[in-house]
Structure formats: C-alpha cells, structure tokens
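Coordinates in review
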Amino acid sequence: MAALFSPAPASGQDREVPYWATIRSDRLNMRVGPSREYPVEWVYSRPGLPIKVVRVVEGWRMIEDPDGEQGWVVARLLDPARGAIVTDDGVAPMRNAPSDAAALKWNLEPGVVGTLGACEDGWCLLDVEGHRGYVRQTRLWGAGEP
C-alpha cells in the first residue's frame, strides 16, 4: 500500500543523460546557467526542434542544439517526443519506402524539422506536417543514439 502514497517522479526527472527531446513552446530562452537569474544567451522560436539533453539540475536542462550550442532551459518547456532536423548540404530525398530505389515523395531542404518515427537499417520514418516518408538516417540530426 505504501507505493500508492509515494510521489511519482516528475516527468523526465528520472531519465539518464544524454537523451533526445524537442522544444515544446513557441519561445524558449536558453540561459548561461540553470536559473532565471542567469542571462539569456539564445531564444528559440521553433517548436519541434530536436535538442539533446546533456545535463539535469532540478527543473533545468542543459541542452545542445543542432549547431552544437549549449545552455540551460526550463525542463517543462521540453517535450520527450523525438524529432529530427535535416542536415548537410543539398536536399534530402524523402521516399515512400526505406530504399534508395523507392519512389521519391519529396525533397527536403536542410533545416526542415519533423517528428521522428522508427529508424531501421539506416532509414528513419519522418513526418513533416503530415507528409510522411523515409529519409536516410545520416541526413537527420536527432536520429540514433544521443
């Protein structure tokens, strides 16, 4: 019965770092330290942008963004949902099956963000605003192990 009265861990508080997450809010301040007392170094305005959580301190997370910038954000403004961003130069083909021989659905520009599905054999299912298809994992930051 004691388990019924034990407080549940706060969402995401018990995860091992590093781990992937995405930005939940329309505006996310990245600070130089884990407190509102520290100055804002960067402001993100891109919900769904994948980030890597590299450190945890109470209600704060030290994150790394796709450009390698690191700083502290309020944990509640992050979403545990996995996302990915298209990287490198040139377009990334999105195909209707996980194969270079599969039909081309769309060409994704670098910087396109989507919701990440399962990844297998070097391909990941990606949903970009309802457009779903397979993209090479090497073209996606946020796929694979953090």
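Criteria and thresholds
Residues numbered from 1 in each chain as written. Predicted model: local features only at pLDDT ≥ 70, side-chain atom pairs only at ≥ 80, totals over all residues. Heavy atoms only, no water. Helix = DSSP H or I, 4+ residues; strand = E, 2+ residues; numbered from the N terminus. Buried < 20%, exposed > 50% of the residue type's maximum accessible area, 1.4 Å probe, protein only. Lys, Arg positive; Asp, Glu negative; His and termini not counted. Salt bridge = Lys/Arg side-chain N within 4 Å of Asp/Glu carboxyl O. Polar contact = N/O pair within 3.5 Å; in protein donor to acceptor, adjacent residues only side chain to side chain. Contact = heavy atoms within 4.5 Å. Pairing = 2+ DSSP bridges. Disulfide = S-S within 2.5 Å.

What about the side chain of Glu64?
Secondary-structure assignment places Glu64 in strand E5 (residues 60–64). Here Glu64 occupies a buried position and makes no salt bridge, while the nearest side chain of opposite charge, Lys52, is found at 4.4 Å. Looking at Glu64, its side chain comes within polar contact range of the side chain of Gln70, at 3.1 Å. Those residues in contact with Glu64, other than ones at most four positions away along the chain, are Ile51, Lys52, Val54, Glu69, Gln70 and Trp141.

Observations concerning the pairing of strand E13 (residues 131–136)
Pairing of strand E12 (residues 123–128) with E13, which is carried by six bridges, proceeds in the antiparallel orientation. Looking across to E13, one finds that Val128 is bridged to His131.

Here we look at the state of the cysteines
Following the criterion strictly, the structure yields one disulfide and no others. Disulfide pairing is shown between Cys119 and Cys124; the S-S distance is 2.0 Å. Measuring handedness by torsion sign, the sulfur bridge of Cys119 and Cys124 sits at about 110° and is right-handed. Cys119 gets classed as partly exposed once you look at its relative accessible area, which sits at 32%. Judged by its relative accessible area of 0%, Cys124 is buried.

So, the environment of Cys124
Here Cys124 shows up in strand E12. When the C-alpha atoms of Cys124 and Trp42 are compared, they prove to be 30 Å apart, with 82 residues separating the residues in sequence. In this structure Cys124 touches Leu116, Ala118, Cys119, Gly133, Tyr134, Val135, Gln137, Leu140 and Ala143, once residues within four positions along its chain are discounted.

Side note on the pattern of salt bridges
Throughout the structure, instances matching the rule amount to three salt bridges. For Asp79, the salt bridge identified is with Arg24, shortest N-O distance 3.9 Å. Within this pair, whereas Asp79 is found in strand E7 (residues 78–79), its partner Arg24 is found in the loop between strand E1 (19–23) and strand E2 (28–31), the two being separated by 55 residues in sequence. A relative accessible area of 45% places Arg24 in the partly exposed class. The salt bridge partner of Asp88 is Arg139, with a shortest N-O separation of 3.8 Å. Residue Asp88 is located in the loop between strand E8 (83–86) and strand E9 (92–95), and its partner Arg139 is located in the loop between E13 and strand E14 (140–141); the two are separated by 51 residues in the primary sequence. According to the relative accessible area criterion, Arg139 is buried, its value standing at 14%.

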